[in-house]
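# Commentary on secondary and tertiary structure
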Amino acid sequence: MKEYFLKQNIQAEPLVNNWYAWLYLVSPATASMVIANSQNAIMKSYIAMPEIHEDAVKRPEMLGGPFMDFAIRQVDAIKNLYENINTNCQKSIALSEAIKRLTLLLRSSATGDSLESIYESIPEELKGLVELIYDLDNRANFRFIEGLLYKSEYNLHEYQSVLLTEITQDHRPFAMSTPRLPESDQVHIKLPFSDQWYDTFFNMKTIPQSEEDINKIIGQLPNKDFIDRGAFFSLFTKQVPDTIESVALQENDIRIRYFGHACVLFESTNCSILIDPVISYKYETNIDRYTYANLPERIDYLVITHAHLDHVLIEHLIQLRHKVKKVVVPKNGTCFLQDPSLKLFFKELGFKEVIEIDDMESIPIPGGSITGLPFLGEHGDLNIQTKKAHLIKLYDKAILCAADSNNISSAMYHRVYKIVGNIDVIFIGMECDGAPMSWVYGSLYVNKLPRNMDQSRRLNGSNFQKAFDIVETFQCKQAYVYAMGQESWLNYVMCVKYSLESQPIVESNKLVSACHSKDIIAERLLNKKEIYL
Ligand SMILES: [Fe+2]
Ligand SMILES: [Fe+2]
C-alpha cells in the first residue's frame, strides 16, 4: 500500500567531501582554489588549535568567520577528513597550484607580444583547458574552457553526497566553515547531485510510496550495505501532509508569495515562477512561514538573479528539481575564474532545460515575459557578468526582482526606464553594509588582497538614496525590501544579526518612510508575505 510520505522536516545538506556544497565547490576550477586555500587552511588551523575555534564561535562578532562549530571536540575526525580530501583530491589541489603558476607566468612573460609562444609553458594540469588573452590595455589573463573542465579529471562529482537529517528547529552551524560529520541518526546518500534518484526521493514529500518502493530505492544506492535501514525508514511517515493551500486563482490574478530572503513565488492561473529558491522545512515553530507544502505542483520557471550562495542553494535546487520545467539564469560573460557559468552549473546539477538571459533580453512566458535587466555592483568590482535583475511582466503588471543590485549608476536605470517604462512592484535588497569581498572571493586570489582594498570593495547592495532613486525612476506603486538574510532559518548561510542601528535597517526604514510619504505601499519583508495584484 502506498502510504509512506517523506517527512516535511528532513533537511538535505548537499556536500562535497563533507563540506557544504555551493557553486564554487561544483565548478572544478573554483573548487580547486576553495579546497586548497580555504578548507585546507581551516582544517589545519582546527587540528592545531581547536580551542581557538571553540572560543571564536561563542563570540557574536566572529559570526561567519573561518571557525569550526562542533558540539564536542572533533580533532581526530577532522584529521581524517583532511587526509581523505588531500588524498582523493590531489589532482584538484595540483590544479590550484597550476592556476597560481600560470597567473605568475603571465605576469612575467606576457609583454604585449603574441601569447602563442606561451602555450607550451602552460602548466601541464591546465593544458587544453584555458585560452590566453589580453585586454585592450595589454594586460594578460586566461579564461577557462569551463565546459571541458566539467568533463575532465577535475570534476569532483564522485565526492558529492547528501546528508539527510530530521530537524526540529532553525539553528544550524555556519555552513562555510564547519564540515559535516555524519552521525548514526543521519542518512548519508553517496550519489552525485545530478542523479535522478533524488527526484524519486524528494517527490515522496507529496506522493506516497509503499514499503516495497522504499526498499527498492535503498537498493539503488551504491552505499546500500552501509545504510541503516531503521534510520532510512525513519525519514518517512504515514501521516498525510497538511493539505496544500489551493485557493483557486481567478483569471488575471497574480499571487505573490514571499518565502524569505530573496525567494519569491509568482503565480497566475497558467504560470508559476520561483526566484532564488530558499525554502524553510516544516516543524513546530512560532515563526509563521511558507514551506515546501506551499509550493505549486509544477514550477514553470525557476529564475536565478546571481551566483552568490544565498541565491543559489543546491540544498533547495535538488529538492525542487522534479517540479521544475525550465531554469532561467543570467548569461555568463567572462569565463574567468571568479565567474563560473550558471548554465553549466545547472546542467551539472541535472536540470534539463536551462536558458541563459542577457541584458535587456526577454523570453516569453504564458501571459507575459521575463526580461533580464542589468545588475551593477555587489561583487567587489570584479569582472563578474553572471548577474541580472529580472523584470517579470504578467498580464498588465510589471514586477522587478532587483536582488542585491547596487544603484551605482542611476544613469543606467534612466536608460532602462526609457525602454521598459513604469514598474508596478519592486523587490529590492538593501544589504548596504555588505561583507568585505574576501569573504566570498578570498580563496581565488593568488596573492592575498591588501586589507584596505578588501574593506573598500565590499559586497554592498543599495542604500536608501540609491534604492529610492530606483523606486522614483520607475514610478513604482509598491516597494518591498527583501533579501536581507534576517530569517532565522537562514543563519547557517547568512550570519547576519542586525540591530536597530545597523545600516541596512536604518537605510531600509528610511526607504519605507519615504515611500509612505509619497503614497507608495512599502514594507521591509520578514518571514512571510502574500500579495495579490
Ligand atoms: Fe549577492
Ligand atoms: Fe544576497
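Remember, predicted model here, so these are calculated numbers, not experimental data. (Residues numbered from 1 in each chain as written. Chains lettered and ligands numbered in written order. Predicted model: local features only at pLDDT ≥ 70, side-chain atom pairs only at ≥ 80, totals over all residues. Heavy atoms only, no water.)

Scanning the chain from N- to C-terminus turns up 17 helices and 22 strands. For the chain, whose C-alpha radius of gyration is 23 Å, the value lies close to the compact-globule estimate of 24 Å for 533 residues. Each of the three principal axes of the chain carries a C-alpha extent, and together these read 65 × 60 × 45 Å. Residue burial in the chain is summarised as follows: out of 533 residues, 57% are buried. Of all intrachain contacts in the chain linking residues separated by at least 6 positions in sequence, the fraction that spans at least 24 positions is 74%. Here the chain has roughly 22700 Å² of accessible surface; of this, 49% comes from carbon and sulfur atoms. Positive and negative charge centroids in the chain, built from 54 and 67 side chains respectively, lie 1 Å apart. (Helix = DSSP H or I, 4+ residues; strand = E, 2+ residues; numbered from the N terminus. Rg over C-alpha atoms; globule rule 2.2 N^0.38 Å. Buried < 20%, exposed > 50% of the residue type's maximum accessible area, 1.4 Å probe, protein only. Contact = heavy atoms within 4.5 Å. Areas by Shrake-Rupley, 256 points an atom, 1.4 Å probe, with all protein chains shown as cover. Lys, Arg positive; Asp, Glu negative; His and termini not counted. Charge placed at Lys NZ, Arg CZ, Asp CG, Glu CD.)

Another aspect to go through is the coordination of the iron ion (ligand 2). Only Asp310 (OD), His311 (NE2) and Asp404 (OD) from the protein coordinate the iron ion (ligand 2), and they sit 2.2 to 2.3 Å from it. Within one chain, the residues serving as donors to the iron ion (ligand 2) are arranged as D-H-x92-D. Between the iron ion (ligand 2) and the iron ion (ligand 1), a separation of 3.4 Å is found, and both are coordinated by Asp404. Each member of the pair, Asp310 together with His311, is buried. (Donors = N, O, S within 2.8 Å, 3.2 Å for Na, K, Ca; no water.)

Taken together, the protein donors to the iron ion (ligand 1) comprise His306 (NE2), His308 (ND1), Glu378 (OE), Glu378 (OE) and Asp404 (OD), at separations of 2.2 to 2.5 Å. Linear spacing of the donor residues for the iron ion (ligand 1) on their chain is H-x1-H-x69-E-x25-D.

So, about the nonpolar core. Residues Leu164, Ile189, Phe201, Phe232, Phe236, Phe345 and Phe346 are the most contacted members of the largest nonpolar core, which totals 116 residues. Of the residues forming this core, the biggest block, eight residues, is contributed by helix H2 (residues 28–48). Residues contacting Leu164, with those up to four places away along its chain left out, are Ile10, Gln11, Ala12, Gln186, Val187, Ile189, Phe201, Phe202 and Leu235. Ala389, Val471, Cys476 and Val512 belong to the second largest nonpolar core, which has 30 residues in total. (Core = buried A, V, L, I, M, F, W, Y, C linked by side-chain atoms within 4.5 Å.)

This next bit is on the packing of aromatic side chains. Per the stated rule, a full pass over the model turns up 25 aromatic pairs. With 5.8 Å between their ring centres and 75° between their planes, Tyr417 and Phe474 make a pair best called edge-to-face. One end of the pair, Tyr417, is in helix H12 (residues 410–420); the other, Phe474, is in the loop between helix H15 (464–473) and strand S20 (478–482), with 57 residues separating them in the sequence. Judged by its relative accessible area of 1%, Phe474 is buried. Site record: aromatic cluster; members linked through ring pairs are Trp197, Tyr198, Phe201, Phe202, Phe232 and Phe236. Geometry around Tyr492 places Arg172 over its ring, the cationic atom sitting 3.6 Å from the centre. (Phe/Tyr/Trp six-rings, centres within 6.5 Å; stacked < 30°, edge-to-face > 60°. Lys NZ or Arg CZ within 6 Å of the ring centre and 35° of its normal.)

A separate point is the environment of Tyr46. Its place among the elements puts Tyr46 in helix H2. The exposure class of Tyr46 is buried, given its relative accessible area of 1%. Between the C-alpha atoms of Tyr46 and Val278, which are 232 residues apart in sequence, the distance is 30 Å. Setting aside its immediate chain neighbours within four residues, Tyr46 contacts His53, Glu54, Met68, Phe70, Ile72, Arg73, Gln74, Val75 and Ile78.

Turning our attention to H15. Every buried residue belonging to H15 is among Phe464, Ala467, Phe468, Ile470, Val471 and Thr473, and all of these are buried. Contacts from the buried residues of H15 go to H12, strand S19 (425–429), S20 and helix H17 (503–517). The residue sitting at the N-terminus of H15 and contributing the capping side-chain oxygen is Asn463; that oxygen lies 3.3 Å from the backbone nitrogen of Gln465. Two residues or fewer past H15, Gln475 is found with a positive phi of approximately 50°. (Polar contact = N/O pair within 3.5 Å; in protein donor to acceptor, adjacent residues only side chain to side chain.)

Right, let's get into the sheet that holds strand S7 (residues 187–189). Reading across from one edge, S3-S2-S6-S7 is the order of the four strands in this open sheet, with antiparallel pairing throughout. With one partner strand each, in any of the chains shown, strand S3 (19–20) and S7 form the two edges of the open sheet. As defined by bridge partners, strand S2 (residues 10–16) adjoins S3 across two bridges and the pair is classed as antiparallel. When the sheet's bridge partners are listed, Leu15 is paired in S3 with Tyr20. (Pairing = 2+ DSSP bridges.)

Everything listed is a geometric property; what it means functionally is a separate question.
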